[in-house]
Structures are given as C-alpha cells and as structure tokens.
2 protein chains.
Amino acid sequence: MINSYQGQTQILVAVDCIIFGFHNDELKLLLVKRDFEPEKGKWSLVGGFLQPNETSDDAANRVLLQLTGLDDVYMRQVNTFTDPNRDPVERTISIAYYALINLEDHNEELRKKNSAHWVALADVPELIFDHAEMVKMAIKEIQYKTSIQPVGFELLPPKFTMRQLQKLYEAIYQEDIDKRNFTKKINKLDILVKLEEKDMSSSRKGSFLFEFDKEKYEAKVQNGFSFKL
Amino acid sequence: MINSYQGQTQILVAVDCIIFGFHNDELKLLLVKRDFEPEKGKWSLVGGFLQPNETSDDAANRVLLQLTGLDDVYMRQVNTFTDPNRDPVERTISIAYYALINLEDHNEELRKKNSAHWVALADVPELIFDHAEMVKMAIKEIQYKTSIQPVGFELLPPKFTMRQLQKLYEAIYQEDIDKRNFTKKINKLDILVKLEEKDMSSSRKGSFLFEFDKEKYEAKVQNGFSFKL
DNA sequence: TCAAAAGTGTTCACCGTACACCCATGG
DNA sequence: CCATGGGTGTACGGTGAACACTTTTGA
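These figures come from a predicted structure and were not determined experimentally. (Residues numbered from 1 in each chain as written. Chains lettered and ligands numbered in written order. Predicted model: local features only at pLDDT ≥ 70, side-chain atom pairs only at ≥ 80, totals over all residues. Heavy atoms only, no water.)

Turning next to the protein's contact with DNA strand D. In the vicinity of DNA strand D there are 17 residues, among which Asn181 of chain A together with Lys179, Lys184, Lys205 and Phe208 of chain B approach most closely. At 3.4 Å from a base nitrogen of DNA strand D is found a side-chain nitrogen or oxygen belonging to lysine 184 of chain A. Arginine 204 of chain A is positioned with one of its side-chain polar atoms (N or O) 3.2 Å from a base nitrogen of DNA strand D. Elements supplying a minimum of two residues to the surface near DNA strand D: helix H5 (179-189) of chain A together with helix H5 (179-189) and strand S10 (207-212) of chain B. Split into classes, the residues belonging to the surface near DNA strand D amount to one nonpolar, five polar and 11 charged. (Near = heavy atom within 4 Å. Polar contact = N/O pair within 3.5 Å; in protein donor to acceptor, adjacent residues only side chain to side chain. Helix = DSSP H or I, 4+ residues; strand = E, 2+ residues; numbered from the N terminus. Nonpolar A, V, L, I, M, F, W, Y, C, P; charged D, E, K, R; others polar.)

Every contact between the two is made by 45 residues of chain B and, on the other side, 45 residues of chain A. If you look at where chain B meets chain A, you find zero salt bridges. Of all the secondary structure elements, the ones that give two or more residues to the side of chain B that touches chain A are strand S1 (10-23), strand S4 (46-49), helix H1 (56-68), strand S5 (74-81) and strand S6 (92-100) of chain B. Counted by class, the side of chain B that touches chain A contains 19 nonpolar, 18 polar and eight charged residues. Note that strand S1 (residues 10-23) of chain A and S1 of chain B share three bridges and pair antiparallel. The residue bridging glutamine 10 of chain A from the neighbouring strand is leucine 12 of chain B, located in S1 of chain B. (Contact = heavy atoms within 4.5 Å. Salt bridge = Lys/Arg side-chain N within 4 Å of Asp/Glu carboxyl O. Pairing = 2+ DSSP bridges.)

This next bit is on the relation of the copies chain B and chain A. Superposition of chain B onto chain A requires a rotation of 180° combined with a translation of 0.0 Å along the rotation axis, giving an RMSD of 0.0 Å. Read as a symmetry element, the transformation amounts to a two-fold axis. Taken as a fraction of all interface residues of chain B, those also at the interface in chain A reach 100%, which identifies the copy contact as same-surface. (Least-squares fit on C-alpha atoms with pLDDT ≥ 70 in both.)

We now examine the packing of helix H4 (residues 162-173) of chain B against H5 of chain B. All names here are of chain B. Packing of H4 against H5 leaves a shortest axis separation of 11 Å and a crossing angle of 105°. Put simply, H4 runs roughly perpendicular to H5. Within the contact between the two elements, H4 uses Met162, Arg163, Leu165, Gln166 and Tyr169 and H5 uses Lys179, Phe182, Thr183, Ile186 and Asn187. Broken down by class, the residue content of the contact of H4 with H5 amounts to five nonpolar, three polar and two charged. (Axes fitted to C-alpha atoms, helices over the stretch in contact; angles between N-to-C directions. Parallel < 35°, antiparallel > 145°, perpendicular 65-115°, else oblique.)

All names here are of chain A. Domain assignment breaks chain A into domain 1 (12-145) and domain 2 (156-223). Relative placement of domain 1 and domain 2: their C-alpha centres are 28 Å apart. Counting residues at the interface gives nine residues for domain 1, matched by 10 residues for domain 2. Contact between domain 1 and domain 2 buries roughly 800 Å² in total, counting both sides, with carbon and sulfur atoms accounting for 65%. At the boundary of domain 1 and domain 2, one finds zero salt bridges. At the junction of domain 1 and domain 2, the tally comes to one residue pair in polar contact (both at pLDDT 80 or more). Among the elements that line the side of domain 1 that touches domain 2, the one with the most residues is helix H3 (residues 131-148), at three residues. (Domains from an automatic or database assignment. Buried area = accessible area lost by both parts, 1.4 Å probe.)

Residues and elements named next belong to chain A. Direction vectors running N to C along H3 and helix H4 (residues 162-173) enclose 140°, while the axes themselves pass 9 Å from each other. Between H3 and H4, the crossing angle belongs to the class labelled oblique. Contacts from Ile142, Gln143, Thr146 and Ser147 of H3 reach H4 at Tyr169, Ile172 and Tyr173. Looking at the contact of H3 with H4, its residues break down into four nonpolar, three polar and no charged.

Pairing is possible between side chains that carry opposite charge, provided their charged atoms lie close to one another. All names here are of chain A. Applying the stated criterion to the full structure yields 22 salt bridges over all chains. Between aspartate 178 and arginine 180 there is a salt bridge, with the nearest N and O atoms lying 3.6 Å from each other. Assessed through its relative accessible area of 63%, arginine 180 is described here as exposed. For lysine 216, the salt bridge identified is with aspartate 190, shortest N-O distance 3.1 Å. Residue lysine 216 is located in helix H6 (residues 214-222), and its partner aspartate 190 is located in the loop between H5 and strand S9 (192-199); the two are separated by 26 residues in the primary sequence. On the accessibility criterion, lysine 216 (32% relative accessible area) is partly exposed. Salt bridges here are not isolated pairs; linked through shared partners, they connect Asp16, Arg86 and Asp130. (Buried < 20%, exposed > 50% of the residue type's maximum accessible area, 1.4 Å probe, protein only.)

In structure tokens:
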C-alpha cells in the first residue's frame, strides 16, 4: 500500500448539520434558504467548510453557534458523504452531524438573520445535493441513540411532563405508544425526578413536571445500569 | 452562513480499513507494518488517499482489493477522524471503514507482499495515529450491526457449524453464550439451512454444517421479520 | 355539568436465562 | 471403553403488549 503524501489530491471538506428541535408534539428541523450559489434560494441544511485548525466537531459547533447562538449542544457525526458529483461547483466531501437542541433556547434573531426556519419533519421540502439522505440517516441514528441513551431530554426543556416525553418518543419513533406502558417503563428506569409543580397549560387538571436526574443516571450507569426504551 | 467556495482550505482525505477476520475461534485484524514515513516500521491499519474521481466507498474497496485480492466485501463507514494533528506530516482527515471478510478467501501472496499480518484482537499492538480509536469504534459498530443484521456470516465460510457461529458471536460480543440457548435462538430465526454434511475436523462425532439462506432471509424481511440476536 | 387531558393496574403470552445429561465416534 | 465435543428440553421469572375507567378542573 503505497501512500505517498506527494501529489495527492486535496479536497474541500464541509460539515452539514441536521438540527432537531421539538415543538407542538412534532420533531422539527432547522433549515436555511441558501443565499449564495449554487442552488441559491433552495432549501438546505446549514453547513460550513472545515477550517485549517479545527476538527469537524469544532466546525459543526461553530456552524451551530452562528445559527442558533447555542453552545454546548449534543452533536454527533452521522456519516461522511463523498460522491464526486455531490456538489456541482467543486469537489467537496461533507461530514454530516446531527444536533439535538431545546428549540426554546435558540436565538430568534440569529435564526432570522440567516433566513433559517423550523420545519416539521413531515413538511421538509426538497433539499439540495444529498441533504435529504443526510436527514434520513440522522433520523435513523437518533432513533437508535434515543433508545439506548437518555439523549431525548436534550430536545425538551429542563422541566417537562410525562406526556411531552411520550409525544417526543412517538415523534422520534414515528409510532404511537400506549401511555400506561410508557409511564411504567420510564418510572422503572428511575432516572426522573417528579416535581411538586404542575404544567397547567395543557389541560384543566394540569400535569406534573419532571426533571431528568443526570447525576442519578450516571451513578446508575457506574453500577452497570443501562438505559433501554 | 456565508460559505464562499473561494479561498477555502483543501485538505487531504484518506480512508483507513479495519479488516476483520475469524479464525480459531478468534476475531482477527489485518494490520500492516508501514513501509514508508512517517512511523515507518510501526503497525497500522491499511489505508489510502481518496482519488479525484472516486467515492470513499470506492477508495476503501480499492485499498481492500489491493491488500486481499477480495472484491464485493461487506464494508461500512465507521467514523471520520479530523484532528488537525492526527497526522504529523500534513493535515489529513481519515474516513474509517470496517470490512468483514472470510479469512480463508484472502490472497496470501498479496498479503505478504504488503507485509500485512492477521493479529488476534487481544494481541493488537500499538497502532499509529488514531488507529486504535478507529478499531475501538469499529468493534462497537460490529457488535451492534451483527446483533440486528445477519452480517456475521460474512466472517465465516459458506458452510459452518452451529458451534463456529456461536464462537463467532462470543468473539464479537466478548462474552460466553450458553449453547442451548444460542441454538434455540438461531433456530427460531429460521434463516439457516441444515445440511446433511458434517464437519469431522472438530470432534469424533462430527458436527452438522449449516448455510445462511439469504433468499429466505430477504423474503422474511419483506414480510416484516427483523433479525435480532 | 361537561369536555379534555391526566393518571393509573392487571392479565397473558412470550422471551430470556439458567441449568445437566446422553450421544456418537475415533482412537 | 473412554475421552471429546455435539446435541438437546424444561422450568421460571421477567418483560412487553393489550386494554378502560376514574380524576380534576376551568369554562
């Protein structure tokens, strides 16, 4: 295997972010209308080029920060897309990342300034290049990840109701869940704190708020516990 | 999000292959002793640079073909590694792939010519750059993949015994499995064909050979069946 | 008093797991 | 005849899935 460093082709490397949020019992994506060529005016994931001294994780975080004002967000690599013709202008490979954010936290001004919009998964328009495939893979990935790690909470506010949590999982798995079985399962995990407080916005009766107890979860993991939904 | 294509940094893009084989009830990796700088003489995964007109899948297949003589091999992306300092010579990002091959099939001459060796997982020496991390991620990935898809068979010859299959899963999951429970589970899946033929090499009594019935498996998948081990 | 969402238990089928003995054969 | 690995069944506890009614309260 002769890998000469001389004469090897250098290539543009980009990151693209699939940014998930949750609102009104729906999973949403943060999409931008491109304000530059090619495909100006078309819908696209938000992305950027990898800079000389940053990792792709850095780049993805930078891009996300610029668009949402959010730092310290749950982000993971999905896949790298390398079709020589995926970008018509110049050969570019793209490392796709997904991010899970609490939609309420993002900076509206920045979002508007970048002509970005929250779009429900069901309403995602045609996307440029291979971005639709990126989204598809990201969804599969979060379905898996949320089933084995308590990362779904990243999409919710710190205090949430059992029903919100259920709707979130229904949106992620794209299937209905029986609420009695769901509550039972969550309770058995024993990683939530039930607050005194109620959320009165969703019903007359009101519904109790919960918090994810990260310390408790991590302590349990130390003792061999593994999250499974 | 201003992504000018002008003035963006171009970067070397490599692929590295984590090649798994199975022999003597052990998972093995195909590693090479580098015959070029940097780190000449050190152990390394086999890799190569992405060429102008190929996808990274192409590149990984090319690299694997050159080393093993094998084509049409099960390969999947693991992750892309982008630390600016991961390669001391020049900035290079690497897209890691894992491959599952039937160790018996590979071309010994090519292997020797490239100073490649099969090394049991437990005996993997120190590897250059971030290759150890690549291996770690690849193992996690095959643990997951082999639990939800019948890809373990890629590591076995077309005809194999129930015991071989069990030892394979034990090697992948790195834990012992009860043979009665294992047999029961596999039989329930109903995707193997039991042959008349026996393998007489492992015991006096001999043990029956099986084949994976790919058509049957795919037909079942069409009907909603999902593999789970 | 009614509409709307919250909250809560039981049953049953199936699955995972633990566990031990006989079989066939070559030497 | 014996040593070696091959092959097989059962019992039990736990889990997942189906399923319906009562509670609260604001309007």
